[in-house]
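The residues making up each chain are set out below.
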Amino acid sequence: MISPAKILIFLIEFLNCYAAIYYSNFIFFYLRRAFGFGEAENLLTAAAGGFVYIIAAWLGGKSAQRYGCIRAFCLGACGVISAMILGMTFPIPAAQVAVYCLWTLGICFTWPSLETLISDKAGGQLPRVVGIYNVIWAGGAALAYFTAGMLIEKLGIASVFWIPLIIATVELALASCAAGLVRKENNNQHQQEIPAPAVSS
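These numbers were taken from a predicted model, which means no experiment stands behind them. (Residues numbered from 1 in each chain as written. Predicted model: local features only at pLDDT ≥ 70, side-chain atom pairs only at ≥ 80, totals over all residues. Heavy atoms only, no water.)

## Considerations on the overall build of the chain
The cut-off we apply is this: The helix and strand labels rest on DSSP assignments: H or I over at least four residues marks a helix, E over at least two residues marks a strand, and numbering proceeds from the N terminus. By the convention used here, residues are in contact when the closest approach between their heavy atoms is within 4.5 Å. Surface exposure here means Shrake-Rupley accessible area, sampled with a 1.4 Å probe, where a residue is shielded only by the protein chains that are shown. Charged-residue counts in this description rest on Lys and Arg as positive and Asp and Glu as negative, His and the chain ends being excluded. Throughout, a charge is located at the NZ atom of Lys, the CZ atom of Arg, the CG atom of Asp or the CD atom of Glu.
Looking only at helices and strands, the chain has six helices and zero strands in total. Shown N-terminal to C-terminal, the secondary structure of the chain runs as helices and strands in the order α-α-α-α-α-α. Its C-alpha atoms put the chain at 85 × 30 × 25 Å along the principal axes. When contacts within the chain are restricted to residue pairs at least 6 apart in sequence, those whose partners lie at least 24 apart make up 85%. Within the structure as shown, the chain displays about 10900 Å² of accessible surface, and the carbon and sulfur contribution to it stands at 69%. Looking at charge distribution, the chain has the averaged site of its 11 positive side-chain charges lying 7 Å from that of its 9 negative ones.

This is the structure:
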């Protein structure tokens, strides 16, 4: 049976995936529409994000190991929220490239944490939970690809910032709930592992 904490983490994963696709794919449409970015400028922006990704992916994994997955995830979510706020506040080309790099840094702190939280103490259910994780990720990405374009047309190109901002804020709240569930499950498991006192004859 999948624990309540893992079910909540699956929900966070779905939201995380949707918001990541919404921003990372359509930010380039925003840059082209707002600043006239062509293929070369968008390619350089993506390359800058890719360079940050190389370092941030390692930092995200190390932070999850050192500070705990929930804390590392929350740090990453705060980075994403900060990036989206800055993106809405500073609509100039150089700032938007920096915002994309900051978003990349933040999102790289969330993914290793989610993967570890799902696989942690899964035991014999590990193949199952990893399979569910992959299906949810694929489903979230598919839904984002299918709906993001329509939402941007309806809500405006600025939604490339405020929709991920709202979703990341919800993720942060859910992560706090997940932390409580994880602590409760760990306490219950610890109590079950405590041996019963020997009965004297």
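## A closer look at the nonpolar core
Here is the rule: The term nonpolar core refers to a set of buried residues drawn from Ala, Val, Leu, Ile, Met, Phe, Trp, Tyr and Cys, joined through side-chain atoms within 4.5 Å. We call a residue buried when its accessible area falls under 20% of the maximum for its residue type, exposed when it is over 50%, and partly exposed in between, using a 1.4 Å probe and counting protein chains only.
One finds Tyr23, Ile27, Met84 and Trp103 to be the most contacted residues of the largest nonpolar core, which totals 56 residues. Elements with a minimum of two residues in this core: α1 (4-35), α2 (39-67), α3 (69-89), α4 (93-119), α5 (126-155) and α6 (159-193). Here the element with the most residues in this core is α1; it accounts for 17 residues. With residues up to four places along the chain from it excluded, the contact list for Trp103 reads Ala20, Tyr23, Ser24, Val80, Ala83 and Met84.

## So, a nonpolar patch on the surface
Using the following cut-off: Patches in this entry comprise residues that are over 30% relatively accessible and not in a salt bridge; like charges within 9 Å are linked, as are nonpolar side chains (Val, Leu, Ile, Met, Phe, Trp, Tyr) within 5 Å. By convention in these notes, a salt bridge is any Lys or Arg side-chain nitrogen within 4 Å of a carboxyl oxygen on Asp or Glu.
A cluster of nonpolar residues, Phe51, Ile54, Ile55, Trp58, Leu59 and Leu105, forms a patch on the protein surface that exposes about 630 Å² of accessible area. Looking at the nonpolar patch element by element, the count peaks at five residues for α2. Its place among the elements puts Leu59 in helix α2. Of the residues examined, Leu59 reaches a relative accessible area of 33% and is grouped as partly exposed.

## Quick notes on the confidence of the model for the chain
Selection criterion: pLDDT is a residue-level measure of predictor confidence that goes from 0 to 100.
For the chain, the mean per-residue pLDDT works out to 90, and 93% of the residues sit at or above 70. Confidence, read as mean pLDDT per element, is least for α6 in the chain (86) and greatest for α3 (96).

## What about the pattern of salt bridges?
Pairing between side chains of opposite charge can happen when their charged atoms approach one another. Throughout the structure, instances matching the rule amount to one salt bridge. With its nearest N and O atoms 4.0 Å apart, the salt bridge here joins Glu153 to Arg33. Here Glu153 is found in helix α5, whereas its partner Arg33 is found in helix α1, with 120 residues between them in sequence. Since its relative accessible area comes to 56%, Arg33 is described here as exposed.

## Digging into the packing of aromatic side chains
Any aromatic ring pair is given by two values, namely how distant the centres are and how the planes are angled relative to each other. For the record, the criterion: Side-chain rings of Phe, Tyr and Trp, where Trp is taken by its six-membered ring, are said to pair if the distance between their centres is within 6.5 Å; with planes under 30 degrees apart they count as stacked, over 60 as edge-to-face, and otherwise as tilted.
Scanning the model with the defined rule gives 13 aromatic pairs in all. Pairing Tyr23 with Trp103 gives two aromatic rings, centres 5.1 Å apart and planes at 50°, and the pair type is tilted. Here the residue Tyr23 occupies a position in helix α1, and Trp103 occupies one in helix α4, the gap between them amounting to 80 residues. Accessibility classification places Tyr23 together with Trp103 in one group, the buried group. Centroid distance Phe35 to Phe37: 6.1 Å. Interplanar angle 55°. Geometry classified as tilted. A relative accessible area of 24% means that Phe35 is categorised as partly exposed. What links up through ring pairs into an aromatic cluster is the set Tyr23, Phe28, Tyr30, Phe35, Phe37, Tyr100, Trp103 and Phe161.

## Observations concerning the side chain of Asn16
Tracing the backbone shows Asn16 in helix α1. Contacts of Asn16, omitting those with residues within four sequence positions, involve Phe73, Ile107, Thr110, Trp111, Leu114, Trp137 and Glu171.

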